[in-house]
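# Fold and contact review
Residue-level listing of the chains:
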Amino acid sequence: MEQMKVILEDQEIPRQWYNIQADLPTPLRPPLHPATGKPVGPDDLAPIFPMNIIEQEVSRERWLDIPEDVLAKYLLWRPSPLRRARNFEKCLDAPVRIYYKDEGVSPAGSHKPNAAIPMAYYNKVFGTKRMATETGAGQWGSALGMACQMFGLQCRVYMVKVSYNQKPYRRMLMNAWGAECLSSPSDQTATGRKILSDDPDSPGSLGIAISEAIEDAVTHPNTKYGLGSVLNHVLVYQSIIGLEAEKQMAKIGEYPDVVLGCAGGGSNFAGISLPFVRDKIHGKKVSVVAAEPTSCPSLTRGPFAYDFGDIAQTTPLLAMHTLGHDFVPAPIHAGGLRYHGMAPIVSHLLVEGLIEARSYDQVETFDAGVKWARSEGFLPAPETNHVIAAVVQEAARAREEGKEKVILFNWSGHGLIDLSSYDSYLSGQLTPYELPEAEIERALRTIQRFPKP
Ligand SMILES: Cc1ncc(COP(=O)(O)O)c(C=O)c1O
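Anyway, here's the lowdown on the structure attached to this text. Only a predicted model underlies this, so the values are computations on that prediction, with no experimental measurement involved. (Residues numbered from 1 in each chain as written. Predicted model: local features only at pLDDT ≥ 70, side-chain atom pairs only at ≥ 80, totals over all residues. Heavy atoms only, no water.)

Another point: unusual backbone geometry. Residues Arg 78 and Pro 79 are joined by a peptide bond in cis, for which omega reads -10 degrees. Position of Pro 79 relative to the elements: it lies in the loop between helix 3 (68-74) and strand 4 (82-84). In the segment running from Ser 184 into Pro 185, the intervening peptide bond is cis, with an omega of 10 degrees. Tracing the backbone through its elements, the reader meets Pro 185 in the loop between strand 8 (180-184) and helix 9 (190-198). The backbone of Val 230 shows a phi angle near 70 degrees, a positive value even though the residue is not glycine. Topologically, Val 230 is positioned in the loop between strand 9 (223-226) and helix 11 (232-251). The phi angle at Gln 313 is positive, at roughly 60 degrees, despite the residue not being glycine. Mapped onto the secondary structure, Gln 313 falls in the loop between strand 12 (304-308) and strand 13 (317-321). Under the relative-accessibility criterion, Gln 313 is labelled partly exposed at 32%. (Helix = DSSP H or I, 4+ residues; strand = E, 2+ residues; numbered from the N terminus. Buried < 20%, exposed > 50% of the residue type's maximum accessible area, 1.4 Å probe, protein only.)

Written out as structure tokens, the structure reads:
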């Protein structure tokens with residue numbers, strides 16, 4: 001019998017998260033205060049985040065202990081299986097062995113609870129009573145809704161309008177877990193009201209929803225904000241994916257030639273890849289590839305620059321690949337990949353040449369996702385289809401080069417609540433979309449006046 005999956009016992013779950021800041025050959029550029037142009041300090045972040053999370057955000061410690069209460073919740077679905085995609089391999093007919101971390105087994109169906117659970121936990125310990133957040137596809141909002149419920153916190157989610165309309169079941173899931181979910185832009189914040197008065201049909205964007213959630217947090221008592229991607233602490237929490245994968249690969253005597261993940265804000269890509277980037281920094285030969293949409297190509301076409309994380313310019317200036325904080329992406333179905341910026345850590349690794357980035361259009365990604373579903377059975381999330389398209393490309397390269405290759409990728413979530421997007425694809429309504437060059441020029445103008453990294 002051929003082995004199809006590698007399972008870790010509960011006792012084998014990693015007890016610490018990994019923080020790549022300890023191993024970076026050159027340090028990250030610091031976030032800057034927009035008014036002074038000086039690096040922000042922990043106190044600048046205190047109105048929106050609890051201090052225990054701020055400490056992790058700025059930490060340079062290599063290993064951070066995972067609290068017992070967080071481990072207890074992780075064990076509901078973790079360690080997640082490492083699966084071998086033998087059927088997909090056959091259908092690609094290439095000399096590759098494909099392994100993937102199945103993050104679709106979490107209660108919310110994606111990697112997002114890996115960060116939501118510790119975030120709710122640390123807020124609870126700090127004394128927060130209520131959290132506000134944004135969500136694109138609805139995966140993060142549902143994950144944080146569930147996590148807040150587990151730790152007895154209230155939760156309000158601002159969901160990007162286009163996804164709110166495309167994905168009603170995600171809102172219902174949030175409601176089932178006790179969270180409130182509003183379509184963003186909403187009439188609940190000054191930012192939302194301003195955008196609605198300028199453009200009542202605004203499809204929304206993550207940049208807008210983040211502004212609304214931050215405004216909510218600073219205008220409500222005992223409320224803190226939670227961001228589902230981008231920031232250092234979120235990437236640290238997601239490192240559990242790659243740390244488990246390392247152990248699982250070692251169990252079967254394998255090591256990847258290439259590690260891949262799809263990248264929206266960068267958290268699941270970082271989660272699977274950072275432990276392997278660490279190996280690379282220390283001399284190991286491994287390629288690391290981020291896959292993003294051609295409609296929102298922050299890594300492949302956006303400049304590396306200081307920019308705001310949100311439209312209302314409330315966040316510190318972050319050094320990242322960006323399409324401009326007021327960028328409103330086309331309403332593609334991969335709602336979780338529609339963010340103008342990229343995690344500073346991921347952006348930094350690209351600048352340092354430690355990772356690569358590639359972009360794929362939505363038709364190509366659904367082609368790959370449907371091929372996957374028809375061979376492996378599991379239906380991927382539209383975001384996950386991007387990394388599957390990249391895997392197809394890697395396999396084709398291996399075939400052309402006649403070289404055996406071990407591929408490891410992160411299957412970031414299932415698509416069972418995204419069936420309407422499959423319906424659009426299968427009925428021929430999806431069209432390829434490439435961001436026009438004028439949009440990149442516009443992005444450059446938006447960030448012109450900010451300090452340069
Ligand atoms: C299934 C899935 N994959 C990937 C992403 C992209 O987010 P990130 O780049 O932070 O992993 C999302 C975001 O919502 C998602 O829901």
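From this point, things continue past the structure.
Here we come to the sheet that holds strand 9. Read across the open sheet, the four strands follow the order 8-7-6-9; overall the sheet is parallel. The open sheet is flanked by strand 8 and strand 9, the only strands paired with a single partner. The mean inter-strand angle of the sheet, taken between neighbouring strand axes irrespective of direction, is 25 degrees. Here six bridges tie strand 6 (residues 130-135) to strand 7 (residues 154-160), and the two strands are oriented parallel to one another. When the bridges of strand 7 are listed, Met 131 appears paired with Cys 155. Lying on the sheet, helix 10 (residues 206-219) is in contact with strand 6, strand 7, strand 8 and strand 9; it crosses strand 6 at an angle near 170 degrees. (Pairing = 2+ DSSP bridges. Axes fitted to C-alpha atoms, helices over the stretch in contact; angles between N-to-C directions. Contact = heavy atoms within 4.5 Å.)

Looking now at the sheet that holds strand 1 (residues 5-6). With mixed pairing, seven strands are arranged side by side in an open sheet as 1-4-5-15-10-11-14. Strand pairing shows two members of the sheet lacking a second neighbour, strand 1 and strand 14 (356-360), which therefore form its edges. Of the strand pairs in this sheet, strand 1 and strand 4 are connected by two bridges, and their pairing is antiparallel. Following the sheet pairing, Val 6 is matched in strand 4 by Leu 82. Most of the contacts of helix 11 go to strand 5 (residues 96-102), to which it runs at about 135 degrees, and overall it touches strand 1, strand 4, strand 5 and strand 15 (405-411).

With that settled, the discussion passes to the site of the ligand. Near the ligand lie 16 residues; those nearest to it are Ser 229, Gly 264, Ser 267, Asn 268 and Ser 412. In this structure, an oxygen atom belonging to the ligand sits 3.2 Å away from a side-chain N or O atom of Lys 112. Alone, the ligand offers 400 Å² of accessible surface; in the complex the protein occludes 98% of this. (Near = heavy atom within 4 Å. Polar contact = N/O pair within 3.5 Å; in protein donor to acceptor, adjacent residues only side chain to side chain. Areas by Shrake-Rupley, 256 points an atom, 1.4 Å probe, with all protein chains shown as cover.)

A side chain of one charge can pair with a side chain of the opposite charge if their charged atoms are brought near each other. According to the stated counting rule, one finds 23 salt bridges in the structure shown. Of the charged contacts, one joins Asp 418 and Lys 167 as a salt bridge, the two residues approaching to 2.5 Å between their closest N and O atoms. Of this pair, Asp 418 sits in the loop between strand 15 and helix 17 (419-426) while Lys 167 is found in the loop between helix 7 (161-166) and helix 8 (168-176), placing the two residues 251 residues apart along the sequence. For Lys 167, a relative accessible area of 1% gives the class buried. Put simply, Glu 394 and Arg 358 hold a salt bridge, and the shortest N to O gap is 2.9 Å. With a gap of 36 residues between them, Glu 394 in helix 16 (residues 382-401) and Arg 358 in strand 14 connect regions that are remote in the sequence. (Salt bridge = Lys/Arg side-chain N within 4 Å of Asp/Glu carboxyl O.)

Let us look at the packing of aromatic side chains. By convention here, two paired aromatic rings are described through the distance between centres and the angle between planes. The tally for this structure, following the rule as stated, stands at 17 aromatic pairs. Here Tyr 74 and Trp 77 contribute two aromatic rings whose centre-to-centre distance is 6.1 Å and whose plane-to-plane angle is 75 degrees, an arrangement assigned as edge-to-face. By relative accessible area, which is 8% here, Trp 77 ends up buried. When the centroid spacing of 5.5 Å and the interplanar angle of 85 degrees are considered together, the rings of Trp 372 and Phe 409 count as edge-to-face. Note that Trp 372 is positioned in helix 15 (residues 362-376) and Phe 409 in strand 15, a separation of 37 residues in sequence. The class of Trp 372 is buried, set by a relative accessible area of 0%. On the accessibility criterion, Phe 409 (0% relative accessible area) is buried. An aromatic cluster of three or more residues is present, and its members are Phe 88, Tyr 100, Trp 372, Phe 378, Phe 409 and Trp 411. (Phe/Tyr/Trp six-rings, centres within 6.5 Å; stacked < 30°, edge-to-face > 60°.)

Looking now at the packing of helix 2 (residues 51-58) against helix 11. At a minimum axis separation of 7 Å, helix 2 and helix 11 run at an interaxial angle of 80 degrees. On the basis of their axis angle, the class for helix 2 and helix 11 is roughly perpendicular. The residues of helix 11 that touch helix 2, namely those facing Ile 53, Gln 56 and Glu 57, are Asn 232, His 233 and Tyr 237. Among the residues making up the contact of helix 2 with helix 11, the classes are represented as two nonpolar, three polar and one charged. (Parallel < 35°, antiparallel > 145°, perpendicular 65-115°, else oblique. Nonpolar A, V, L, I, M, F, W, Y, C, P; charged D, E, K, R; others polar.)

With that settled, the discussion passes to the side chain of His 386. Tracing the backbone through its elements, the reader meets His 386 in helix 16. Not counting residues up to four positions away in its chain, the partners in contact with His 386 are Cys 262, Ala 291, Glu 292, Pro 293, Ala 334, Leu 337, Tyr 360 and Thr 365.

Here strand 10 (residues 258-262) lies mainly inside the structure; five of its five residues are buried. Residues Val 258, Leu 260 and Cys 262 line one face of strand 10 and the alternating positions Val 259 and Gly 261 line the opposite face, and both faces are buried. By the bridge criterion, five bridges tie strand 10 to strand 11 (residues 287-293) in an arrangement that is parallel. Its bridge partner lying in strand 11, Val 259 is registered against Val 288. Once you follow strand 10 into helix 12 (residues 267-281) and on to strand 11, the crossover reads as right-handed. (Right-handed = clockwise from strand over helix to strand, strands pointing away.)

Direction vectors running N to C along helix 6 (residues 139-150) and helix 8 enclose 10 degrees, while the axes themselves pass 8 Å from each other. Judged by the angle between their axes, helix 6 and helix 8 are roughly parallel. Facing Gln 139, Gly 141 and Ser 142 of helix 6, the residues of helix 8 in contact are Arg 170, Leu 173 and Met 174. In terms of residue class, the contact of helix 6 with helix 8 is built from two nonpolar, three polar and one charged.

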